[in-house]
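Structural characterization, general
Here are the chains, one letter per residue:
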2 protein chains.
Amino acid sequence: MSLFIEICGGVTAPEGFVATNAFCGIKATNTGKPDIALIYSPVPTVAAGTFTTNKVKAAPVRVSMAHMRSTDIRAIVANSGNANACTGLAGIEHAKRMTRAAAKALKLRERQVLVCSTGRIGVELPIAKMEETISDMPKALLKDGSLKAAHAIMTSDTFPKEVAVELTIDDKRVRIGGIAKGAGMIDPNMATMLSFITTDLAIVKNDWQKMLSIAVEQSFNRITVDGDMSTNDMVLALANGLAGNAVLKRSHADFKKFQNALNYVTGKLARMIVEDGEGVTKFVEVNVKGAATYQDARKAAEAIANSTLTKCAWFGGDPNWGRIMDAIGYSSARVREELVDIYYNGVAAVKNGMASNTPFAELEKIVRQPKFTVTVNLQLGSAEYWVFTTDLSTRYVELNMGE
Amino acid sequence: MSLFIEICGGVTAPEGFVATNAFCGIKATNTGKPDIALIYSPVPTVAAGTFTTNKVKAAPVRVSMAHMRSTDIRAIVANSGNANACTGLAGIEHAKRMTRAAAKALKLRERQVLVCSTGRIGVELPIAKMEETISDMPKALLKDGSLKAAHAIMTSDTFPKEVAVELTIDDKRVRIGGIAKGAGMIDPNMATMLSFITTDLAIVKNDWQKMLSIAVEQSFNRITVDGDMSTNDMVLALANGLAGNAVLKRSHADFKKFQNALNYVTGKLARMIVEDGEGVTKFVEVNVKGAATYQDARKAAEAIANSTLTKCAWFGGDPNWGRIMDAIGYSSARVREELVDIYYNGVAAVKNGMASNTPFAELEKIVRQPKFTVTVNLQLGSAEYWVFTTDLSTRYVELNMGE
C-alpha cells in the first residue's frame, strides 16, 4: 500500500473546509474574473505560516503575521489585482478592514481571519467595494469550492493550481489540500507566491509550524523564475482536527509519513508554479552535488538558476555549459575548476572543468526538450542542493515590460 | 584652464605606444573581421592590472596574472572569438604560446607580454594558426593603430570603444589612452570586459596599481548589464614614462589631477560599454543615498540594477517603482519602508514609501527616454553608491539564446 494517494478537491478536500470566490472589480480594467477568495473552517483550526523575508512587506503580510498569534483562526480572505503594498498606514487599515468584513460576515472576531493580497504595488485597494463583496461571500461557500478559490488568486498564472492527498493515521482518514498562485517574481525564500494549505489532522501549533517550515524549505523556497522576491508572499496552513485522530505527536510512527505527504503537496504546487512561470518554455531541475558545504551547494545552484545568460541559452536550446561554469565561478561557493563535472540529464557535458567527449548535438537534443536536469558535481565534499528553475524567454520580457 | 582635455588616438595617443590588428580566423565561422590585437611599447613600462574575481579563471587571466610580476612589460596580445576558458592545462599552454609568439616576433622574453582572450568558453584555440598570424604582426604596428586594436577585441560590441586625454604635469605633456570591449555578461567586479590603458607618465608600479584600482572601482566595477561576471575580465594598464616628467609621487600636487584624468578615461569607457550592452535600449544611472552604510548603499543599488523585473519594466517605458521598492526590500540592505523616497530624473515617484503626487504620465515620459536616473533615498544615514545599468529587452534574449 502506498503511503498516500492523490485525490481531488484541493483545499476543500479535508473535512469541514469550504471555499468560494467573488468578482469585485479590483483592477482598474474590468476583467470580469473573480478576484476575491474565501476559505473557511466551521471549527477552530491551528494555524501555521511562512512569510516573505523582503524588508518591504505588504500590509496584509503584516496583518496576517500579527493575527497568526490567535489560537483559533477560522478563515482566509485573499484578493488578486492589487498587492496592497507600499500603501502606508492606509494600507494596514485596509488589510484590517478586509479581515473585519470577513469576520463580520462569518460571525468571527477580526483576529480569526488571515488576509492576503497579490497584484500591482502602490495602489490603494477599493476597500468599500471589497467590503460589500466580502459581506455576501459566506452564503456562497461550497464543499467543492477549492477551484473557485484557486481561480480568484490567479494573476498572470495561466492555470489554477490545486492538489490534495489522503492518507491513514491511526485508522483515521486524513486529508491535506492546497492551492497556490505564482507566475512572475518567483525566487527562493518566498516569491509573489501565495499558497493555502488545509488539513483535517489533529496536531498542536508548534509541530504544525515546524512541519510547514520543512515542507516550504523543500518546495516553495527551491523555485526561481526571475530571482526577484516579492513583498507579498505567504504560505498559510490550517489544521482543523476533524479527521478525528489522536493529536499527532512527533514521537508517533506516522509523524514522518504525514510530513512526506505534506511535502508532496507543497512540492507539487511549487512545481506547478515554475511550470507556469511567465513566458516559460523550459522546466529545469538544477542539482549541485559534491559541494564542500550545504551553503556552497546552495549558492552554486542558485547562481546557475538565476544566471540570465544561462537561462537565455536554454531558451534557445543551447547547452552552453560555459555559462554554467561562469555562474558557479562567481557564486562565492568554493570551486576548483579542474574538478567540476556537469551533466545534462546524466550525460556528461563537462569533465574535470573541460568539455567532455559527448557530441554537441547529443547535448543539444536534451536542452531542446521542455524538461531536463542539470547536475553539477564540484567534487569537494558531500553537500547537495537542488532548485527548480526555468529559461528566460522573449515572452517573459514582453509580459513584464508594462502592466 | 581645464585640468585635462580629451584628444584622439586611444591607446596610441601616449608617446611611444603603437598598435595593430590582424585577421586569423579564430571563430569556426569565417567572419573576416580582425580577431587579434597587439599593443607595444618600444621602452620598458610599469604595468598594473585588475582581474576577474570569478573562481573559474580563463587561462590568459592566469598567465597574465603571473606575468604581471615582471618589471618590464612591453606588449599586450589579445584575441576575440574564443575565451580560452575551461580549457585545462592545454589552455594554459596555449595562452603561454600566444605570449611566446608575440615575444619572439618583438624580440622580447615571454614574461614581457600580457595576454587576453574573449569569446566562447570551452573551445581550444587554433593556436598554430594564431602563432603564424602573430609572427607577422609587429611589422604592421602603427602610431595610430589604437582603433585597429579596439576593433580586434570586439565580440558582440556594435562599436569600437576608445578614449584619450592630455594634461600637463611639471610642464610636461602627459597623455592617457584606453580601449575597451564589453557587450554581454557585464557586472560589477569585472565582466566579459577587457580594457587596455596606456600612459606616457613616469610613475612607480605600486602607485600605478593603486591609481588603477581606484579608477576601476569608480568605473568598470560600477556597471552591470546582466549581472553575470565573466571568467576572462581584465584591465591592463601600462605606463612607459616617455612624457619625461619626474616620477610622479603621491605627495605631488598633481597626483590627484592625474587620478581624475585616469578616472575620466575608465569612466567614459565603462559608460560606452553599458551603452553598447546587448540589446540595450535604456541607459540608467542608479543612485542610492542616505544608506546606513556604504555596503548597504551598494547592495540596494546593485539589487535595483540587476532586478530582471525592473529592467523589463524600463524596457517597456514603465516607471514601475513597486519593483524598485521590492528590489530594495530583498537586497539585504537596511531599509525602513516608510522612509524611502524614489526619484526619476529628480521627480518624486515615491515619498515615504508610498506613491508621490506626481502624475503617472510625467514619470512615464521620463522612463520613455533613452537615458534617465533613478535616485533612492533610504534616509537612514549618509552613505551613497551609484551604478550604471540598462533595461532588459527582447533583443537581449534573442542575442543570447544561442551563439
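Since this is a predicted model, take the numbers as computed values, not measurements.

Our focus in this paragraph is the overall build of chain A. Helices and strands together make up the secondary structure of chain A, namely 11 helices and 15 strands. Whereas a compact globule of 403 residues would reach a radius of gyration of roughly 22 Å, chain A reaches 22 Å, a difference of no more than 12%. Along the first, second and third principal axes, the C-alpha atoms of chain A reach 70 × 50 × 30 Å. In chain A, 80% of the contacts between residues at least 6 apart in sequence involve partners at least 24 apart.

Bringing the environment of Phe315 of chain A into the picture now. Of note, Phe315 of chain A is situated in helix H8 (residues 308–315). Overall, the presence of 25 C-beta atoms within 10 Å leaves Phe315 of chain A in the buried class. Once the C-alpha coordinates of Phe315 of chain A and Thr133 of chain A are considered, the two residues, 182 residues apart in sequence, prove to be 43 Å apart. Not counting residues up to four positions away in its chain, the partners in contact with Phe315 of chain A are Thr281, Lys282, Asp391, Leu392 and Ser393 of chain A together with Val397 and Met401 of chain B.

For Ala313 of chain A, the location among the structural elements is in helix H8. Ala313 of chain A gets classed as buried once you count the C-beta atoms within 10 Å, which come to 24.

Our focus in this paragraph is the interface of chain A and chain B. Each partner contributes to the interface: chain A provides 50 residues, whereas chain B provides 50 residues. Put simply, the parts of the chain that give the side of chain A that touches chain B at least two residues each are H8, helix H9 (321–330), strand E13 (354–355) and helix H11 (394–400) of chain A. Broken down by element, the residue count for the side of chain A that touches chain B peaks at 8 residues, all from H9 of chain A. Its residues assigned to classes, the side of chain A that touches chain B shows 21 nonpolar, 19 polar and 10 charged.

Right, let's get into the relation of the copies chain A and chain B. With an RMSD of 0.0 Å, the fit of chain A onto chain B corresponds to turning through 180° and sliding 0.0 Å along the axis. Such a combination of turn and shift is consistent with a two-fold rotation axis. In terms of proximity to the rotation axis, the leading residue of chain A is Thr394 of chain A, whose C-alpha is 2.4 Å off the axis. Comparing contact sets, 100% of the residues at the interface of chain A also lie at the interface in chain B, consistent with an isologous, same-surface contact.

Time to look at the nonpolar core. Counting residues in hydrophobic clusters, the biggest one holds 274 residues, and the most contacted among them are Ile328 of chain A together with Ile328 of chain B. Setting aside residues no more than four positions away along its own chain, Ile328 of chain A makes contact with Ala300, Ala303, Ile304, Ala333, Val335, Val340 and Val376 of chain A together with Val56 of chain B.

Attention now moves to the domain arrangement of chain A. Residues and elements named next belong to chain A. Once the domains are mapped, chain A shows domain 1 (5–275) and domain 2 (283–400). Each of domain 1 and domain 2 was reduced to a C-alpha centroid, and the two centroids are 33 Å apart. Contact residues are listed per partner, giving 12 residues for domain 1 and 11 residues for domain 2. Among the residues forming the side of domain 1 that touches domain 2, the class breakdown is 5 nonpolar, 4 polar and 3 charged.

Residue and element names in this part refer to chain A. In spatial order, the strands read E13-E12-E11-E14-E10-E15; together these 6 strands make up an open sheet with mixed pairing. Both outer strands of the open sheet, E13 and strand E15 (383–390), are each paired with one neighbouring strand and no more. Sheet analysis places strand E11 (residues 341–344) next to strand E12 (residues 347–351), joined by 3 bridges and oriented antiparallel. Across the sheet, residue Tyr343 finds its bridge partner in E12, namely Ala348. This element, helix H7 (residues 294–305), spans strand E10 (283–291), strand E14 (371–377) and E15 of the sheet and lies at about 20° to E15.

For residues with low pLDDT, the predicted coordinates do not support detailed interpretation. All names here are of chain A. Per-residue confidence for chain A gives a mean pLDDT of 92, with 96% of residues at or over 70. Low pLDDT, under 50, characterises residues 186–191; the predicted model gives this stretch 34 contacts beyond four residues in sequence or across chains. Scoring of the predicted complex yields 0.85 for pTM and 0.81 for ipTM.

Glancing now at the packing of helix H1 (residues 59–67) of chain A against helix H2 (residues 88–106) of chain A. Residue and element names in this part refer to chain A. The interhelical angle for the contact between H1 and H2, taken along N-to-C directions, is 55°, at an axis separation of 8 Å. Considering the angle they form, H1 stands oblique to H2. Classified by chirality, the crossing of H2 by H1 is right-handed. Here H1 contributes Ala59, Pro60, Arg62, Val63 and His67 to the contact with H2, which in turn contributes Gly91, Ile92, His94, Ala95, Lys96 and Thr99. A per-class count over the contact of H1 with H2 returns 5 nonpolar, 4 polar and 2 charged.

Attention now moves to the environment of Ala291 of chain A. Residue and element names in this part refer to chain A. By the element assignment, Ala291 lies in strand E10. Along the sequence, Ala291 and Leu378 sit 87 residues apart, while their C-alpha atoms lie 5.5 Å from each other. When near neighbours in sequence (up to four residues on either side) are disregarded, Ala291 contacts Asp296, Ala297, Ala300, Ala333, Leu378, Leu380, Gly381, Ala383 and Glu384.

All names here are of chain B. Read from one edge to the other, the open sheet built from 6 strands follows the order E13-E12-E11-E14-E10-E15, with strand pairing classed as mixed. The sheet is open, and its two edges are formed by strand E13 (354–355) and strand E15 (383–390), each paired on a single side. Relative to strand E14 (residues 371–377), strand E11 (residues 341–344) runs antiparallel, the two sharing 4 bridges. Each residue of the ladder has a partner; that of Tyr344, found in E14, is Val374. Each of strand E10 (283–291), E14 and E15 touches helix H7 (residues 294–305); the most contacted strand, E15, lies at about 20° to it.

The rules behind the values
- Residues numbered from 1 in each chain as written.
- Chains lettered and ligands numbered in written order.
- Predicted model: local features only at pLDDT ≥ 70, side-chain atom pairs only at ≥ 80, totals over all residues.
- Helix = DSSP H or I, 4+ residues; strand = E, 2+ residues; numbered from the N terminus.
- Rg over C-alpha atoms; globule rule 2.2 N^0.38 Å.
- Contact = placed C-beta atoms within 7 Å.
- Buried ≥ 20, exposed ≤ 12 C-beta atoms within 10 Å, placed from the backbone.
- Nonpolar A, V, L, I, M, F, W, Y, C, P; charged D, E, K, R; others polar.
- Least-squares fit on C-alpha atoms with pLDDT ≥ 70 in both.
- Core = buried A, V, L, I, M, F, W, Y, C linked by C-beta atoms within 7 Å.
- Domains from an automatic or database assignment.
- Pairing = 2+ DSSP bridges.
- Axes fitted to C-alpha atoms, helices over the stretch in contact; angles between N-to-C directions.
- pLDDT = per-residue confidence, 0-100.
- Parallel < 35°, antiparallel > 145°, perpendicular 65-115°, else oblique.
- Left-handed = near helix turned anticlockwise from the far one by under 90°.

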